[in-house]
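Chain by chain, the residues run as shown.
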Amino acid sequence: MDRRHLLSDQDEASHSCPAGYHAGQVPVGGDGATAPPAQMMPVVPGYESLGPNVIPPSDLGPARFPAPCRAQERRFDIPAISEELAQEAFISYASSECCFSTKPAREMVFTDLRSLNTYRYLLETFTESRTKEWGGEPYNGQVVDDFREPPDPWSIPVPTPSLFQDCQKHIRIPHTSIIKGCHSCLSLGRSACRTCVNSGRTRCSSCGGSGRTEHDFCRSCQGSGMSRCHSCGGAGSVTCETCKGHGKLLCFITLKITWKNNIYVAVIDKGSGFPVKLLNQISGEKLLTDMAPKVYPVVSFPDSSVNAASESGVREHQAQFSTTCRILQQRQTIELIPITRVHYVWHEKTHVYFVYGAEHKVYSRDYPARCCCCSVL
């Protein structure tokens, strides 16, 4: 589960898979066929408990961390933008809003431009989890794998897709195949037609079942009020959707492998009054990137809040995933996000707005002049 932290007293704030992989849930068997209920299936040694619960990795071993990640011994300061750039961004912002007048942006008098150090810490933990369940497909003579002792779920080699991308794959576990009669149609290959309820005939649509039209007897049903069912062609039954008419299913245990990029984000804001949720789509300057199978919390960063966020994120992910998933790779980054708080006077009143991100976007909570249409509203 993604976890985002906003260390502030202000507002809180799928990738494609390779061929054979899936970004989301897919029908087991690939064609919609399902296995009979679990109570109708035999018990397979080592696979007595099936279901959605993840299988604990069999090779956890002791947790090993690399050496502590140390930031460079220097201050990371954001220079305040110039008054010219702050005004240009403000005018562009006012012009983009249909109900804002640009007068305050053009006539304002600056009183203070203050640069705010804002850091974003991001921890990505790329995990692999496995679950197992019965699946099936219509049986039409394909080779049946011997029903004998299968391998351990975590011993089955599966190529890992691209790192830090959510992905999913279903594979058939060897030596778990068995042929069973179709539970949906009782091995008949056909199911009762739901439209005519197995009768082969339905109420005539031309006369509504009365047998007569406005002036004469109904020619469509010859006055009987009933016509042949279009869904089953009058047979009263249709091909079974589960077994595709074969009457048998090839059942097997499937292993669902899920790769997920779990995210922990902390934005360190110093009570600036800026709603940090706006930073979700804003790029910053990367100050540190650290990637390893298991990363160590950042230490000695100039801002202790960043060190604390890293410590909290790494420990939380370790506790959350180490016993239920394989942690394949971790990556932590620290970004410096430029934010300038601008104080200005217009019509003898003081107002505040923010210019943020490398894109120089603007946020203003109390823009002082709007068009008459907004005033009426």
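Residues numbered from 1 in each chain as written. Predicted model: local features only at pLDDT ≥ 70, side-chain atom pairs only at ≥ 80, totals over all residues. Heavy atoms only, no water.

J.: Got a minute to help me understand the overall build of the protein in this structure?
T.: A tally of regular secondary structure across the protein gives 4 helices and 15 strands. A buried classification covers 43% of the 377 residues belonging to the protein. As displayed, the protein has an accessible area near 20,000 Å², and 50% of this comes from carbon and sulfur atoms. (Helix = DSSP H or I, 4+ residues; strand = E, 2+ residues; numbered from the N terminus. Buried < 20%, exposed > 50% of the residue type's maximum accessible area, 1.4 Å probe, protein only. Areas by Shrake-Rupley, 256 points an atom, 1.4 Å probe, with all protein chains shown as cover.)

J.: Quick question: what am I supposed to make of the environment of Glu133 here?
T.: Considering the arrangement of structural elements, one finds Glu133 in strand β3 (residues 109-138). Expressed as a C-alpha distance, the spacing of Glu133 and Asn53, which sit 80 residues apart in the sequence, is 9.9 Å.

J.: It is not clear to me how the side chain of Arg120 should be interpreted in this structure. Could you clarify?
T.: Turning to its location among the elements, Arg120 is positioned in strand β3. Of the polar contacts made by the side chain of Arg120, one reaches the backbone oxygen of Ile282; its length is 2.6 Å. Excluding residues that lie within four positions of it along the chain, Arg120 makes contacts with Val265, Ala266, Val267, Leu279, Asn280, Ile282, Ser283, Gly284, Thr333, Ile334, Glu335 and Ile337. (Polar contact = N/O pair within 3.5 Å; in protein donor to acceptor, adjacent residues only side chain to side chain. Contact = heavy atoms within 4.5 Å.)

J.: Hey, could you run me through the packing of aromatic side chains in this one?
T.: Working definition: an aromatic ring pair is given by the centre-to-centre distance plus the angle between the planes. Summed over all chains, the structure comprises 15 aromatic pairs. Ring centres of Phe90 and Tyr344 lie 5.5 Å apart, and the angle between their planes is 65 degrees; this geometry places the pair in the edge-to-face category. Note that Phe90 is positioned in helix α1 (residues 83-96) and Tyr344 in strand β13 (residues 326-346), a separation of 254 residues in sequence. In this pair, the class of Phe90 matches that of Tyr344, namely buried. Among the aromatic residues, those joined into a ring-pair cluster are Phe90, Tyr93, Phe100, Tyr344, Tyr353 and Tyr367. Stacked on the ring of Phe164, the Lys or Arg Arg331 has its end atom at 4.1 Å from the ring centre. (Phe/Tyr/Trp six-rings, centres within 6.5 Å; stacked < 30°, edge-to-face > 60°. Lys NZ or Arg CZ within 6 Å of the ring centre and 35° of its normal.)

J.: Would you mind showing me how to read the nonpolar core here?
T.: The nonpolar side chains of a soluble globular protein tend to be buried with one another. Trp134 and Leu255 are the most contacted members of the largest nonpolar core, which has 25 residues in total. When residues of this core are traced back to their parent elements, those giving at least two are β3, β4 (167-172) and β10 (248-268). If we ignore the near neighbours within four places in the chain, the residues touching Trp134 are Ala35, Met41, Pro42, Val44, Leu50, Thr176, Ile178, Cys251, Phe252 and Ile253. (Core = buried A, V, L, I, M, F, W, Y, C linked by side-chain atoms within 4.5 Å.)

J.: Would you take a moment to explain the pairing of strand β14 (residues 349-356) for this structure?
T.: Pairing of β13 with β14 involves 8 bridges; the strand directions are antiparallel. Its bridge partner being in β14, Val342 is matched across the sheet by Tyr353. Between the end of β13 and the start of β14, which pair antiparallel, lie 2 residues, with His347 showing a positive phi angle near 55 degrees. Direction of pairing for β14 relative to strand β15 (residues 361-363): antiparallel, over a ladder of 3 bridges. (Pairing = 2+ DSSP bridges.)

J.: Would you mind going over the pairing of β3 with me for this structure?
T.: Successive residues of a regular strand alternate their side chains across the two faces of the sheet. Among the 30 residues that make up β3, 21 are buried, leaving the element largely enclosed by the rest of the structure. Relative to β13, β3 is paired through 19 bridges, and the arrangement is antiparallel. Each residue of the ladder has a partner; that of Ser115, found in β13, is Thr340.

J.: Looking at this model, I keep getting lost on unusual backbone geometry. Mind explaining?
T.: The general pattern is negative phi for most residues beyond glycine and trans for most peptide bonds. Located in the positive-phi region is Lys244, a residue other than glycine, with phi close to 60 degrees. Considering the arrangement of structural elements, one finds Lys244 in the loop between β9 (237-239) and β10.

J.: So what exactly am I meant to see when it comes to helix α3 (residues 304-321) here?
T.: Side chains of residues three or four places apart in an α-helix project in the same direction, reflecting 3.6 residues per turn. Look at α3: 26 Å from first C-alpha to last across 18 residues, which is about the 26 Å you get at 1.5 Å a residue. For α3, every residue scored as buried is listed here: Val306, Asn307, Ala309, Ser310, Gly313, Val314, Glu316, His317, Gln318 and Phe321. Where α3 starts, the residue carrying a side-chain oxygen 2.9 Å from the main-chain nitrogen of Ser305 turns out to be Asp303. (Expected span 1.5 Å × (residues − 1).)

J.: Can you walk me through the pattern of salt bridges in this structure?
T.: Note that side chains of opposite charge can pair when their charged atoms are close. Under the criterion given, the structure shown has 8 salt bridges. Across the salt bridge formed by Arg315 and Glu311, the nearest N and O atoms sit 3.2 Å from each other. Of this pair, Arg315 and Glu311 both sit in helix α3, 4 residues apart, which is roughly one turn of the helix. (Salt bridge = Lys/Arg side-chain N within 4 Å of Asp/Glu carboxyl O.)

J.: Explain the environment of Asn140 to me, please; I cannot follow it from the model alone.
T.: Position of Asn140 among the secondary structure elements: in the loop between β3 and β4. Once the C-alpha coordinates of Asn140 and Gly247 are considered, the two residues, 107 residues apart in sequence, prove to be 9.2 Å apart.

J.: Looking at this structure, how should I read the side chain of Glu128?
T.: In this fold, Glu128 is placed in strand β3. When its relative accessible area of 3% is taken as the criterion, Glu128 is described as buried. Of note is the side chain of Glu128, whose polar atom sits 2.8 Å from the side chain of Arg130. If we skip the residues at most four places from it in the chain, Glu128 touches Trp154, Thr160, Ile257, Thr258, Trp259, Cys325, Arg326 and Leu328.

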